[in-house]
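# Coordinate analysis (summary)
What follows is each chain in one-letter form.
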Amino acid sequence: MKIHEKYILRCLELGENAIGNAAPNPAVGACIVHDDKIIGEGYTSPYGGPHAEVNALSRIIDKNLLENSTLYVSLEPCSHHGKTPPCSDAIIAAGIPRVVIGIQDPNSAVNGKGISSLENAGIDVITGVLQDACREHHKRFLSFHEKQRPYIILKWAQTSDSFMAPDAAIRGDEKKPYWITGTLARQRVHQWRSQEQAILVGANTVLADDPELNVRRWAGASPTRIILDQKNEVSAGHRVCNEIAPSWIVSPEVRTDLPSHVVNFPIPFDEHLLDNLLKELHKQKINSLFVEGGSQTLQAFLDSGLWDEARIFTGAMEFRDGLKAPDATGRIVGREIIESDTLLIYRNDR
């Protein structure tokens, strides 16, 4: 393995620690190397805190080593004042002579300006190292800036005969989820929730299951809960309206009957619903969206082509009748067996 690739891989490992916490900032990893030894490393702090490069610099004990060191970072250092000062200024002030960058930042506030700032200061800059791996790692941030919408992940569980929910006679009257998968698969879903900024379901899912849509089986913050409620059926009594996590209700008109902590976004429920919704989420700086159901909502995203990944669990049980699961499309990029459940991950190449 080439030396630059070795340390950019380490940056990506570090950046994994920031996924779900740094947003809407990118989950960047950085390390500083002297004589083929890492002397400082870091990743992006929760939003508003120091970036990866500054965190890595803060861990250097002997600052004299910096004049003969190389800084590696998965994404171009910022060059503008946001919640924090420019990272490029901190790198220049530290006296580091060489910077190796995975990919350029598509954010219009940066987009090459960080690289130019470093080069103008006499720093040797190398770019484009492990670009595919860096783009995969930064897919949420890249989607936000390149596509002007969140990175969209669809998720559902289905039986071996492709049903998402059983017939009403099997289900009973109690409003709670009917589990198709085992405990480890459900834990994985909570891990996924902790990594995304927002989670979305349709009102039918709320009415049938009364889910809480928070993170319980994993450590991490709960995403913002978004409910598509065309008929104004979701109310304060549903668990998605509690105060354990932010809640947004999307309805055709302004609602005045919701608790004060629940945000209402009036958007027409027409053929432009998803486009207008994603524009609003982009405006609200949401860079990733986890869509968990139900069948009609998932199918709407699939039909529109507005999705990036589909994560589908198939359990061992059969329902023989009930609510049919959507038809999976796209390219299979992952397969995993978790207890008696099978996970397939699809990518949308459209």
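That block above? That's the structure.
A brief structural summary.

Most often, soluble globular proteins keep nonpolar side chains buried together rather than apart. By size, the foremost hydrophobic cluster in this structure holds 33 residues, and its most contacted members are I32, Y72 and V99. Mapped by element, the contributors of at least two residues to this core are helix 1 (3–15), strand 1 (29–34), helix 2 (52–58), strand 3 (70–75), strand 4 (98–103), helix 4 (113–120) and helix 6 (139–146). Among the elements that line this core, the one with the most residues is helix 1, at five residues. Among all residues touching Y72, those that are not within four sequence positions of it are I3, H4, Y7, I8, C11, G29, A30, C31, V33 and V100. Grouped together as the second largest cluster of nonpolar side chains are 30 residues, M164, L200, V250 and I312 included.

Here E292 is to be found in strand 12 (residues 288–293). A polar side-chain atom of E292 sits 3.5 Å from a polar atom in the side chain of K155. Reaching out from E292, the side chain makes a polar contact with the side chain of R193 at a distance of 2.6 Å. If we ignore the near neighbours within four places in the chain, the residues touching E292 are K155, V189, R193, I199, L200, V201 and L298.

So, about the packing of aromatic side chains. Considering all chains together, one arrives at four aromatic pairs under this definition. Residues W192 and F290 carry aromatic rings whose centres are separated by 6.2 Å and whose planes lie at 70 degrees to one another, so their mutual orientation is edge-to-face. Note that W192 is positioned in helix 8 (residues 183–195) and F290 in strand 12, a separation of 98 residues in sequence. Summarising the aromatic geometry, the rings of W192 and F313 are spaced 5.6 Å apart at their centres and angled 25 degrees between planes, so their arrangement reads as stacked. On the criterion of sequence distance, the pair formed by W192 in helix 8 and F313 in strand 13 (residues 309–314) is long-range, its members being 121 residues apart. Its relative accessible area of 1% is what places F313 among the buried residues. Through a chain of ring-to-ring contacts, three or more aromatic side chains come together here, namely W192, F290 and F313. The ring of F163 has K324 lying over it, and the distance from NZ or CZ to the ring centre is 4.6 Å.

Our focus in this paragraph is the pattern of salt bridges. Under the defined criterion, the tally for this structure stands at 21 salt bridges. Among the salt bridges present, the one from E212 reaches R239, with a minimum N-O distance of 3.8 Å. Taken together, the residues E212 in the loop between helix 9 (203–209) and strand 9 (224–228) and R239 in the loop between strand 9 and strand 10 (247–251) connect sequence positions 27 residues apart. A relative accessible area of 14% places E212 in the buried class. Residue class for R239 comes out partly exposed when judged on its relative accessible area of 36%. Of the charged contacts in the structure, one is a salt bridge between D229 and R255, with a shortest N-O distance of 2.8 Å. With D229 in the loop between strand 9 and strand 10 and R255 in the loop between strand 10 and strand 11 (262–266), this pair connects stretches of sequence that are 26 residues apart.

Next up on the list: the layout of surface pockets. Here the largest pocket is characterised by a volume of approximately 1,200 Å³. Among the elements of the structure, strand 6 (151–158), strand 7 (163–166), helix 8, strand 8 (198–202), helix 9, helix 10 (273–283), strand 12 and helix 11 (295–304) are those that each provide at least two residues to the lining of the largest pocket. In terms of residue count, helix 9 provides more of the lining of the largest pocket than any other element does, six residues in total. Grouping the amino acids of the lining of the largest pocket by side-chain chemistry returns 23 nonpolar, eleven polar and 13 charged. Of the pockets and cavities examined, the second largest pocket occupies roughly 480 Å³. What lines the second largest pocket is a set of 26 residues, among which N25, P26, H80, N107 and F141 lie closest to the centre. Secondary structure elements with two or more residues in the lining of the second largest pocket: helix 2 and helix 6.

Most peptide bonds take the trans configuration, and most residues that are not glycine carry a negative phi. Of note, the bond from A23 into P24 is cis; its omega dihedral lies within 30 degrees of zero at 10 degrees. Secondary-structure assignment places P24 in the loop between helix 1 and strand 1. At the junction of G293 and G294, the peptide bond is cis and its omega measures out at -5 degrees in the coordinates. Summarising the element assignment, G294 is placed in the loop between strand 12 and helix 11. Despite not being glycine, L213 shows a phi value in the positive range, around 60 degrees. In this fold, L213 is placed in the loop between helix 9 and strand 9. The phi angle at N232 is positive, at roughly 55 degrees, despite the residue not being glycine. Looking at N232, the relative accessible area reads 31%, which means it is partly exposed.

Calculation rules
- Residues numbered from 1 in each chain as written.
- Predicted model: local features only at pLDDT ≥ 70, side-chain atom pairs only at ≥ 80, totals over all residues.
- Heavy atoms only, no water.
- Core = buried A, V, L, I, M, F, W, Y, C linked by side-chain atoms within 4.5 Å.
- Buried < 20%, exposed > 50% of the residue type's maximum accessible area, 1.4 Å probe, protein only.
- Helix = DSSP H or I, 4+ residues; strand = E, 2+ residues; numbered from the N terminus.
- Contact = heavy atoms within 4.5 Å.
- Polar contact = N/O pair within 3.5 Å; in protein donor to acceptor, adjacent residues only side chain to side chain.
- Phe/Tyr/Trp six-rings, centres within 6.5 Å; stacked < 30°, edge-to-face > 60°.
- Lys NZ or Arg CZ within 6 Å of the ring centre and 35° of its normal.
- Salt bridge = Lys/Arg side-chain N within 4 Å of Asp/Glu carboxyl O.
- 1 Å grid on protein atoms, 1.4 Å probe; cavity = no way out; pocket = protein on both sides within 12 Å on 5 of 7 lines; lining within 4 Å.
- Points joined across faces, edges and corners; volume = space filled by probe spheres on them.
- Nonpolar A, V, L, I, M, F, W, Y, C, P; charged D, E, K, R; others polar.

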